[in-house]
Amino acid sequence: MKIIIVGAGRVGTSVAENLVSEQNDITVIDLHADRLAYLQERLDLRTVLGDGSQPSILNAAGAHDADMLIACATQDTANLVTCKIARQIFNVPRRIARIRSADYPEMPELLGEEGFCVDSLISPERSVTTYLQSLIEFPEALQVVEFAEGRVSVLAVKVGQRSPLAGKPLAMLGQVFPEVNARVVDVLRGGRTLPLSDGGTILPGDEALIVGDTRHARRAVRQLHEAEKSVRRVMIAGGGNIGMRLARQLAQDNYSVRIIERDQARCEFLAAELPGNVLVLHGNGTDEALLARENIEDMDTWLALTSDDEDNIMSSLLAKRLGARKVIALINRHAYGELMQGSHIDIAVSPSQATMSELLRHVRRGDVVAAHRLRQGAAEALEAVAHGDRATSRVVGRRVSDIRLPRGAAIVTLVRGEEIIMAEPDTMIESDDHVIVFVPSRAQMARVEKLFQVSASFF
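A brief structural summary. (Residues numbered from 1 in each chain as written. Predicted model: local features only at pLDDT ≥ 70, side-chain atom pairs only at ≥ 80, totals over all residues. Heavy atoms only, no water.)

1. Brief notes about the environment of R233
Point 1. Relative to the helices and strands, R233 resides in strand 12 (residues 233-237).
Point 2. The class of R233 is partly exposed, set by a relative accessible area of 35%.
Point 3. Placed 68 residues apart in sequence, R233 and T301 show a C-alpha to C-alpha distance of 6.7 Å.
Point 4. A distance of 2.5 Å separates a polar atom in the side chain of R233 from the backbone oxygen of D298. (Helix = DSSP H or I, 4+ residues; strand = E, 2+ residues; numbered from the N terminus. Buried < 20%, exposed > 50% of the residue type's maximum accessible area, 1.4 Å probe, protein only. Polar contact = N/O pair within 3.5 Å; in protein donor to acceptor, adjacent residues only side chain to side chain.)

Written out as structure tokens, the structure reads:
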């Protein structure tokens, strides 16, 4: 696809890095020459210096034949205006705006064809907050993503020493707990994938990827990890947009929440905005005396959510040493995240990966409803709708075993009306099925996308 990205800040840079790696034709517009020079040195893309909300700059970037525009400048207003110009002057087919304000999503009339002509909004803060909340709700999981409007969950979990499946064949998942409508689709050991077809066994310390009915997800996860105590006490370091959103949501769900913020004025703002059951503390998350005074050893979950990676890492290591049961750190740098995940920091969350999950369904070809990056972005799972019939589709009217998927990829679940079907080799795919596919490598995505594109005769 030919994609124009307006804004080369943290979000724009992350989007460019992810999309360039999939052989898209990318052009980035920004007002800062140093940001563009940094991108051009590292990535195979084109840059244009200027204001992306100016028609002349969009024209220079090739908007007249672009397939998609992603506006992720700092200001919401600039992104909205850019989308409107892209639609009305250059007729760009798809327009996505990064929006920080909570007001615009509640006013769809402002975003449609009569308004700012925005097809879809992305909000990194909202995406990360939702993801963090799911990690708190599933304390055993390393990653949680949802498909089929929340009815199917994909969870990554580390196998515990006392798990009933430790040392047993993967095929025994259903036998150990037959009421669970779930399946292990991938197992990592030492960072390498184990071939499930070889009849391998699960060992303590392995990282297993489970797909299943959300209603049964917690029981399935606990088969691979000894059951955790329920999470009720949460401490958050960082009172920015993400920290405030998460604290408000957790408070509404009756969690006990404490939030630490170093800026006095911001503390006063948080105290005024957040519910009364959220305790706002003025201080630094790396202050050992403060954490000890606030009984960090009693906290079920610690979350470091400041804008500084180093502070998040150091405060999380400190919280873990002082007795916090589970620590989660927001880490923007991909290399830092890979280094810290699974060490003394239980989970390293990448804002860019959460944002990419919102974008992927627009970039993927075929009728893709949702897509999520897994395993620090190496793998992906997507939900695609099967259309057509046996003559016009490569999947409809065929058994799962007859579909030519890339090596390691698997059709794992079908959602057919109200029914959730764990795919077997002889399961037949019907038109309008929502098909959830696990793809172990992003390099294989193009082949999977083609499977769900109907032939021209369908139209």
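2. Re the pairing of strand 8 (residues 152-158)
Point 1. Extensive coverage of strand 8 is indicated by the burial of 6 of its 7 residues.
Point 2. Relative to strand 8, strand 7 (residues 141-147) is paired through 6 bridges, and the arrangement is antiparallel. Along strand 8, the bridge assignment pairs Q143 with A156.
Point 3. In sequence, strand 7 turns back onto strand 8 through a hairpin of 4 residues, with A148 there showing a positive phi of about 50 degrees.
Point 4. Pairing of strand 8 with strand 11 (residues 207-213) involves 7 bridges; the strand directions are antiparallel. Paired with S153 across the strands is G212, a residue of strand 11. (Pairing = 2+ DSSP bridges.)

3. Examining the environment of V48
Point 1. Tracing the chain through its elements places V48 in strand 3 (residues 46-49).
Point 2. A relative accessible area of 9% means that V48 is categorised as buried.
Point 3. Spatially, the C-alpha atom of V48 lies 7.4 Å from that of A60, the residues being 12 residues apart in sequence.
Point 4. Beyond its immediate stretch of four places on either side in the chain, V48 contacts T27, V28, I29, D30, L36, I57, A60 and A61. (Contact = heavy atoms within 4.5 Å.)

4. Observations concerning the environment of D51
Point 1. Among the structural elements, D51 can be located in the loop between strand 3 and helix 3 (55-60).
Point 2. Each C-alpha atom, one on D51 and one on V6, is 8.4 Å from the other, the two residues being 45 residues apart in sequence.
Point 3. Residues within four places of D51 in sequence aside, it is in contact with I29, L31 and I57.
Point 4. Within polar-contact distance, the side chain of D51 engages the side chain of S53 at 2.8 Å.

5. What to know about the nonpolar core
Point 1. Ranked by size, the top nonpolar core spans 61 residues in total, and within it L132, I236 and L303 carry the most contacts.
Point 2. With sequence-adjacent residues up to four places away left out, L132 is seen in contact with I242, L246, L303, L305, I328 and V349.
Point 3. Core analysis: the next-biggest nonpolar cluster, separate from the first, contains 47 residues, I5, L359, V363 and L382 among them. (Core = buried A, V, L, I, M, F, W, Y, C linked by side-chain atoms within 4.5 Å.)

6. Overview of the sheet that holds strand 13 (residues 256-261)
Point 1. Here 6 strands make up an open sheet; going across it, the order is 14-13-12-15-16-17 and the pairing parallel. Of all strands in the sheet, those with a lone pairing partner are strand 14 (278-282) and strand 17 (347-349), marking the two edges. Neighbour-to-neighbour, the strand axes of the sheet open up by a mean angle of 15 degrees, direction not taken into account.
Point 2. Judged from the 4 bridges that link them, strand 15 (residues 301-304) and strand 16 (residues 326-330) form a sheet pairing that is parallel. The partner of W302 across the bridge, within strand 16, is V327.
Point 3. Contacts between helix 8 (residues 241-252) and the sheet are confined to strand 12, strand 13, strand 14, strand 15 and strand 16, with strand 13 contributing the most and set at about 165 degrees to the helix. (Axes fitted to C-alpha atoms, helices over the stretch in contact; angles between N-to-C directions.)

7. Looking at helix 5 (residues 124-137)
Point 1. The terminal C-alpha atoms of helix 5, which comprises 14 residues, lie 20 Å apart, in line with the 20 Å expected from a rise of 1.5 Å per residue.
Point 2. By the criterion of burial, helix 5 is predominantly enclosed, with 11 of the 14 residues buried.
Point 3. All of the buried residues in helix 5 are P124, E125, S127, V128, T129, Y131, L132, Q133, S134, L135 and I136. (Expected span 1.5 Å × (residues − 1).)

8. Quick look at empty space enclosed by the protein
Point 1. What the rule picks out here adds up to 2 cavities of 30 Å³ or more.
Point 2. As for the largest cavity, its lining consists of A156, D186, V187, L188, E207, A208, L209 and R375.
Point 3. Of all elements in the fold, only strand 9 (182-189) and strand 11 reach the threshold of two or more residues within the lining of the largest cavity.
Point 4. Of the residues that constitute the lining of the largest cavity, the class distribution is 5 nonpolar, no polar and 3 charged. (1 Å grid on protein atoms, 1.4 Å probe; cavity = no way out; pocket = protein on both sides within 12 Å on 5 of 7 lines; lining within 4 Å. Points joined across faces, edges and corners; volume = space filled by probe spheres on them. Nonpolar A, V, L, I, M, F, W, Y, C, P; charged D, E, K, R; others polar.)

9. With respect to the side chain of S123
Point 1. The residue S123 is located in the loop between strand 6 (120-122) and helix 5 in this model.
Point 2. In contact with S123, not counting residues within four places along its chain, are I99, R245 and E358.

10. Re the pairing of strand 9
Each regular strand shows side chains that alternate between the opposite faces of the sheet.
Point 1. Extensive coverage of strand 9 is indicated by the burial of 6 of its 8 residues.
Point 2. Pairing geometry for strand 9 and strand 11, over 6 bridges, is antiparallel. Bridge pairing in strand 11 links R183 to V211.
Point 3. Linking strand 9 back to strand 10 (residues 192-193) in an antiparallel pair, the connection comprises 2 residues, with G190 at a positive phi of about 65 degrees.

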